[in-house]
Amino acid sequence: MPDPITETQSDRDDAPPGRYRWYVLALLTVVSLFSIADRLVFSILIEDIKAEFDLTDLQLGLVGGLAFTATYVIAGFPAARLADRSVRKNIVAAAIAFWSGMTALCGLATGFWTLFLARTGVGVGEGCSGPASQSLVADYFRREELAKAMGFLTLGATLGTATGLIAGGLLAEAFGWRWAFVLMGLPGLLIGAILYFTVREPRRGRYAAADAKTVQEPLGDTIRTVFSNKVFVGLAAGWALQIVIGYALAVWMAPVMIRSFEFSTGDIGLYLGLTFALGGIPGPLLGGYITGWLTKRDERWRAWFPGIVSLLCLAPLAMALTSTDFWIFLAWFALAYAIYVASQAPILSGIQAAVEPANRGFAVASALFFNNLIGQAIGLAMIGGISDGLTETYGTSSLAIAMFAVSALAGVLAMLAFAWTARQMGPSGYLAKMGRA
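(A) Geometry of the overall build of the protein. Within the protein one finds 22 helices and zero strands. For the protein, the C-alpha radius of gyration of 21 Å lies close to 22 Å, the compact-globule estimate for 437 residues. Across its three principal axes, the protein shows a C-alpha extent of roughly 60 × 45 × 40 Å. Looking at the protein as a whole, 62% of its 437 residues qualify as buried. Considering only contacts within the protein whose residues lie at least 6 apart along the sequence, 86% involve residues at least 24 apart. Of the roughly 16,200 Å² of accessible surface on the protein, a fraction of 68% belongs to carbon and sulfur atoms. Side chains of the protein carry 30 positive and 29 negative charges; the gap between the two charge centres is 11 Å.

So this is what it looks like as structure tokens:
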């Protein structure tokens with residue numbers, strides 16, 4: 001049955017896009033910001049939590065990663081199916097309200113398992129919000145603007161990382177790690193209400209090709225359609241491998257710095273958060289503009305560009321992790337992160353362009369599932385486990401060594417996956433030929 005909101009807005013939705021779409025994009029970027037901030041505030045609090053609960057790096061890696069994957073399996077796919085047929089802005093509003101409350105509950109944890117369970121609730125943010133948000137953006141921006149729009153949406157992750165580190169570190173110094181969780185969770189309740197009352201639901205697939213599917217198919221047909229699409233599969237696989245690097249930087253970099261330099265938790269959070277912003281703000285914006293320019297010449301740049309980036313970010317990361325000077329460490333890290341996040345716009349826009357409008361939510365949910373499984377659950381746990389094994393020999397340097405080893409392996413495998421994806425697109429440009437928007 002058609003959505004009543006969609007029907008009443010149809011005339012307005014088909015009009016030339018105006019400034020309102022930028023308001024929606026800005027609000028969804030703020031939602032993304034708090035999704036990442038509420039998730040990664042854990043990073044700056046790791047050493048305090050480890051000391052109070054006497055946890056190993058492996059246990060911390062499981063709380064930081066597996067908790068999200070477990071939630072995604074439970075909530076992610078049903079929410080994505082709902083996003084492909086229902087009012088997406090309501091899903092995003094409900095998701096941010098729920099994960100914000102669960103972030104606050106993390107401050108009441110009494111040990112490993114209670115913290116793990118509370119963190120699974122925070123995982124609803126990516127599981128429920130991500131597919132609906134990206135699907136909304138694809139219906140507010142035309143094909144030629146999509147990479148640029150996704151670049152702006154990616155800013156939410158960068159600013160969220162900075163916010164989680166800076167605010168979390170300062171709040172922990174002032175009030176303790178428990179209150180840091182509580183105070184970080186409160187703003188999301190207000191943001192959810194603003195989104196619910198001010199965002200209009202656009203007509204699904206309004207910028208897609210005339211013959212594109214906008215009505216949801218049965219689940220079995222959707223699965224076959226999405227996973228028989230080699231371009232989608234390649235982009236999702238490359239993204240899942242590459243994002244191992246992103247989660248390694250976001251979750252483990254703060255503990256590396258706390259163990260390597262004699263700075264307080266608040267100072268580490270402030271300087272590292274500002275460095276994430278310094279590298280992360282220009283990165284996705286430039287990535288979006290560069291991708292838009294390159295894909296006018298050849299659609300395969302949606303795969304080539306992130307493949308190249310997967311390798312280029314490793315050299316400055318190595319320089320950062322081997323530096324003994326705090327400021328040189330930050331400078332190299334800013335460059336590594338700027339290069340890394342430049343790849344997100346082509347990946348996100350490529351996934352949206354490769355699938356039918358009726359399958360966008362499910363496609364994003366599938367991609368994020370593998371991100372959670374490989375990037376968070378496996379990647380973070382691998383780094384923590386390797387660090388524990390190397391501690392006796394390398395001491396406080398063990399975490400940095402483990403972090404780079406896993407990141408380097410992920411970067412090489414991601415490059416290979418993206419190179420394979422470019423071959424599936426073909427020289428004539430698969431996405432252009434299919435007319436996806």
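Resuming the write-up.
(B) A look at a nonpolar patch on the surface. A grouping of Leu 219, Ile 223, Phe 227, Val 233, Phe 370 and Trp 420 is seen on the molecular surface, where their side chains present a nonpolar patch of about 480 Å² in accessible area. If you tally residues by element for the nonpolar patch, the top one is helix H12 (residues 219-227), at three residues. Tracing the sequence through the fold places Leu 219 in helix H12.

(C) Quick look at the environment of Leu 82. Structurally, Leu 82 can be placed in helix H5 (residues 66-83). When its relative accessible area of 34% is taken as the criterion, Leu 82 is described as partly exposed. When the C-alpha atoms of Leu 82 and Phe 362 are compared, they prove to be 9.0 Å apart, with 280 residues separating the residues in sequence.

(D) Inspection of the pattern of salt bridges at higher detail. Within the structure shown, the criterion is met by nine salt bridges. Of the charged contacts, one joins Glu 47 and Arg 259 as a salt bridge, the two residues approaching to 3.2 Å between their closest N and O atoms. Linking Glu 47 in helix H3 (residues 20-53) with Arg 259 in helix H13 (residues 230-260), this pair joins segments that are 212 residues apart in sequence. Considered together, Glu 47 and Arg 259 belong to a single accessibility category, that of buried residues. In this structure, Arg 302 and Glu 299 form a salt bridge, with 2.8 Å as the shortest nitrogen-oxygen distance. For the pair shown, Arg 302 and Glu 299 are each scored as buried.

(E) Focus on H3. Its 34 residues place the ends of H3 48 Å apart at the C-alpha level, agreeing with the 50 Å of an ideal helix rising 1.5 Å per residue. At Leu 45, H3 shows its maximal bend, which comes to roughly 65°. Extensive coverage of H3 is indicated by the burial of 25 of its 34 residues. Note on H3: the residue one or two positions beyond its end, Asp 54, has a positive phi of about 55°.

(F) Local environment of the side chain of Ser 398. Take Ser 398: it is sitting in helix H21 (residues 398-425). Overall, Ser 398 belongs to the buried group, its relative accessible area being 1%. In this structure the side chain of Ser 398 is engaged in a polar contact, spanning 3.3 Å, whose partner is the side chain of Ser 387. In this structure Ser 398 touches Ser 387, Leu 390 and Thr 391, once residues within four positions along its chain are discounted.

(G) Region of the structure containing the packing of helix H4 (residues 57-64) against helix H7 (residues 112-122). For the pair H4 and H7, interaxial distance at closest approach is 9 Å and the crossing angle is 25°. If you check the angle between H4 and H7, you find them roughly parallel. Packed against H4, whose contacting residues are Gln 59, Leu 62, Val 63 and Gly 64, the element H7 presents Phe 112, Leu 115, Phe 116 and Arg 119 at the interface. Partitioning the contact of H4 with H7 into residue classes produces five nonpolar, two polar and one charged.

(H) Structural context of the packing of H3 against H7. One way to put it is that H3 packs onto H7 with a least axis distance of 11 Å and a crossing angle of 160°. Comparing their axes, H7 and H3 come out roughly antiparallel. Here H3 and H7 pass one another in a crossing that is left-handed. Residues Asp 38, Arg 39, Phe 42 and Ile 49 of H3 lie in contact with H7, whose contacting residues are Leu 115, Arg 119 and Val 122.

(I) Up close: the packing of aromatic side chains. For the structure on display, the rule yields 24 aromatic pairs. Consider the rings of Phe 112 and Trp 113, whose centres lie 4.9 Å apart with planes at 75°: the pair is edge-to-face. With relative accessibility at 14%, the residue Phe 112 sits in the buried group. Residue classification places Trp 113 among the exposed positions, given a relative accessible area of 58%. Ring plane angle 80° and centroid distance 4.9 Å describe the contact between Phe 276 and Phe 333, whose orientation is recorded as edge-to-face.

(J) Just the side chain of Thr 29, in detail. Checked against the element boundaries, Thr 29 lands in helix H3. Its relative accessible area of 11% is what places Thr 29 among the buried residues. Separated by 2.7 Å, the side chain of Thr 29 and the backbone oxygen of Leu 25 make a polar contact. Excluding anything up to four places from it in sequence, Thr 29 contacts Phe 152, Leu 153, Leu 155 and Gly 156.

(K) Local environment of the layout of surface pockets. Its volume calculated, the second largest pocket comes out at about 220 Å³. As for the second largest pocket, its lining consists of 13 residues, and the residues nearest its centre are Leu 321, Thr 322, Ser 397, Ala 400 and Ile 401. Elements with a contribution of two residues or more to the lining of the second largest pocket: H13, helix H17 (314-321) and H21. By residue number, the principal contributor to the lining of the second largest pocket is H21, which donates three residues.

What counts, and where the lines are drawn
The numbering scheme is per chain: residues are counted from 1 as the chain's sequence reads. For a predicted model such as this one, the threshold for reporting local features is a pLDDT of at least 70, and the threshold for listing and counting side-chain atom pairs is 80 or more; totals across whole chains, interfaces and linings nevertheless cover every residue. No hydrogens and no water enter the side-chain calculation; it runs on all heavy atoms of the structure. In this text, helices come from DSSP runs of H or I with a minimum length of four residues, and strands from runs of E with a minimum of two, each type numbered from the N-terminal end. Note on method: radius of gyration uses C-alpha positions; expected globular size equals 2.2 Å times residues raised to 0.38. Burial classification: accessible surface area is computed with a 1.4 Å probe over protein chains only, and a residue below 20% of its type maximum counts as buried, one above 50% as exposed, and the rest as partly exposed. The contact definition used throughout considers only heavy atoms, calling two residues in contact when any of these lie within 4.5 Å. Accessible surface is estimated by sampling points in the Shrake-Rupley manner with a 1.4 Å probe; for residues, cover comes only from the protein chains shown. Under the counting rule used here, the positive set is Lys and Arg, the negative set is Asp and Glu, and His together with the chain ends is not counted. Here the site of a charge means NZ on Lys, CZ on Arg, CG on Asp, or CD on Glu. Note on patches: the residues involved have over 30% relative accessible area and no salt bridge, like charges join within 9 Å, and the nonpolar side chains Val, Leu, Ile, Met, Phe, Trp and Tyr join within 5 Å. The salt bridge criterion pairs a side-chain nitrogen of Lys or Arg with a carboxyl oxygen of Asp or Glu, the two atoms within 4 Å. Given the number of residues in a helix, its expected span is that number minus one, multiplied by 1.5 Å. What we call the bend at a residue is the angle made by axes fitted to the seven residues finishing there and the seven residues starting there. For this analysis, a polar contact is any N or O atom pair within 3.5 Å, provided that within protein one partner can donate a hydrogen and the other can accept it, and provided that sequence-adjacent residues contribute only side-chain to side-chain pairs. Lines fitted to C-alpha atoms define the axes here, with helix axes fitted over just the stretch in contact, and angles between the N-to-C directions of these axes take values from 0 to 180 degrees. Reported orientations rely on four angle classes, namely roughly parallel under 35 degrees, roughly antiparallel over 145, roughly perpendicular from 65 to 115, and oblique for the rest. Put simply, Ala, Val, Leu, Ile, Met, Phe, Trp, Tyr, Cys and Pro go in the nonpolar bin, Asp, Glu, Lys and Arg in the charged bin, and everything else, Gly too, in the polar bin. The sense of a crossing depends on the near helix, which, turned anticlockwise from the far helix by less than a right angle, makes the crossing left-handed and, turned clockwise, makes it right-handed. Only Phe, Tyr and Trp rings take part, Trp by its six-membered ring, and two of them pair if their centres are within 6.5 Å. Stacked means planes under 30 degrees apart, edge-to-face means over 60, and tilted covers everything else. Points on a 1 Å grid, built from protein atoms alone, make a cavity when a 1.4 Å probe fits but cannot get out and make a pocket when they are open with protein on both sides within 12 Å along at least 5 of 7 lines; residues with an atom within 4 Å of a point are the lining residues. Grid points are joined across faces, edges and corners, and a volume is the space filled by probe spheres set on the points.

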